[in-house]
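Each chain is listed here by its residues.
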Amino acid sequence: MKGRRSEKLTEHFVGLYKVKGIVSSNVIELELPKSIKIHPIVNVSRVQLYKLQVEGQKKIPPKLVIIKGEEEFEVEKILNKRMVREKKKFLVR
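The shown structure was predicted, so the numbers you read here are calculated from the model rather than taken from an experiment.

### Some points on the layout of surface pockets
Thought 1: Of the volumes computed, that of the second largest pocket is approximately 200 Å³.
Thought 2: Around the second largest pocket sit Pro33, Lys34, Ser35, Lys37, Gly69, Glu70, Glu71 and Glu72, which together line it.
Thought 3: The residue inventory of the lining of the second largest pocket, partitioned by class, reads one nonpolar, two polar and five charged.

### Some words on the sheet that holds strand β2 (residues 27-31)
Hydrogen bonds along the backbone pair up the strands of a sheet, which may run parallel or antiparallel.
Thought 1: If you walk across this open sheet you meet the three strands as β1-β2-β3, and the pairing is antiparallel. Both outer strands of the open sheet, β1 (18-24) and β3 (41-43), are each paired with one neighbouring strand and no more. Across the sheet, the axes of successive neighbouring strands diverge by a mean angle of 35°, strand direction being ignored.

### Here's the deal with the environment of glutamate 29
Thought 1: Within the secondary structure, glutamate 29 is located in strand β2.
Thought 2: Contact partners of glutamate 29, with chain neighbours within four places excluded, come to Lys18, Val19, Lys20, Gly21, Val23, Pro40 and Ile41.

### Observations regarding a nonpolar patch on the surface
Thought 1: Taken together, the side chains of Val75, Ile78, Phe90 and Val92 present a nonpolar region at the surface, about 360 Å² in accessible area.
Thought 2: Looking at the element boundaries, isoleucine 78 is found in strand β6 (residues 78-84).

### Digging into the environment of valine 14
Thought 1: Among the structural elements, valine 14 can be located in the segment before β1.
Thought 2: Valine 14 gets classed as partly exposed once you look at its relative accessible area, which sits at 41%.
Thought 3: Distance in space between the C-alpha atoms of valine 14 and valine 47 is 9.7 Å, their sequence separation being 33 residues.

The rules behind the values
- Residue numbering note: each chain is counted from 1, following its sequence as written.
- Restriction of local features to residues with pLDDT of at least 70 applies here, the model being predicted, together with a cutoff of 80 or more for giving and counting side-chain atom pairs; totals for whole chains, interfaces and linings are based on all residues.
- Only hydrogens and water are removed before side-chain values are computed, so all heavy atoms of the structure are retained for them.
- Buried and open spaces are told apart on a 1 Å grid over the protein atoms alone, a cavity being a set of points where a 1.4 Å probe fits but cannot get out and a pocket being an open set with protein on both sides within 12 Å along at least five of seven lines. Residues with an atom within 4 Å of a point are the lining residues.
- Grid points are joined across faces, edges and corners, and a volume is the space filled by probe spheres set on the points.
- When residue character is reported, Ala, Val, Leu, Ile, Met, Phe, Trp, Tyr, Cys and Pro are called nonpolar, Asp, Glu, Lys and Arg charged, and the others, Gly included, polar.
- For two strands to be treated as a pair, DSSP must find at least two bridges joining them.
- Only runs of H or I of at least four residues qualify as helices and only runs of E of at least two qualify as strands under DSSP, and these elements are numbered from the N terminus.
- For helices, the fitted line uses only the C-alpha atoms of the stretch in contact; every axis is such a line through C-alpha atoms, and the angle between N-to-C directions lies from 0 to 180 degrees.
- Two residues qualify as a contact provided that any one of their heavy atoms is within 4.5 Å of a heavy atom in the partner residue.
- Only residues whose relative accessible area exceeds 30% and that take part in no salt bridge are eligible for patches, with like-charged residues grouped when within 9 Å of each other and nonpolar side chains (Val, Leu, Ile, Met, Phe, Trp, Tyr) grouped when within 5 Å.
- Surface exposure here means Shrake-Rupley accessible area, sampled with a 1.4 Å probe, where a residue is shielded only by the protein chains that are shown.
- We count a salt bridge whenever a side-chain nitrogen from Lys or Arg sits within 4 Å of a carboxyl oxygen from Asp or Glu.
- Whether a residue is buried, partly exposed or exposed follows from its accessible area with a 1.4 Å probe, protein chains only, as a fraction of its type maximum: under 20%, in between, or over 50%, in that order.

Take it as geometry only, folks, not as evidence of what the structure does.
Written out as structure tokens, the structure reads:
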């Protein structure tokens, strides 16, 4: 999404979400999971039409697991770890 602090290092568009409703001619309401902490009402300039993947391209998102009422990812294996600004970051499979 645009407008984040480090735009260069983040994905420009995230996820595939349903349009819950049209608020006005240039504003829509999205159906977002609770794990995404942004306001569900956005300007249409921040939304793009979903395009199917190119044949042979595999970018399958991992399945979410619900633990204690919150959505989380199931980790198969920790491949690497590092410290970034005094926080641990993990490379997982």
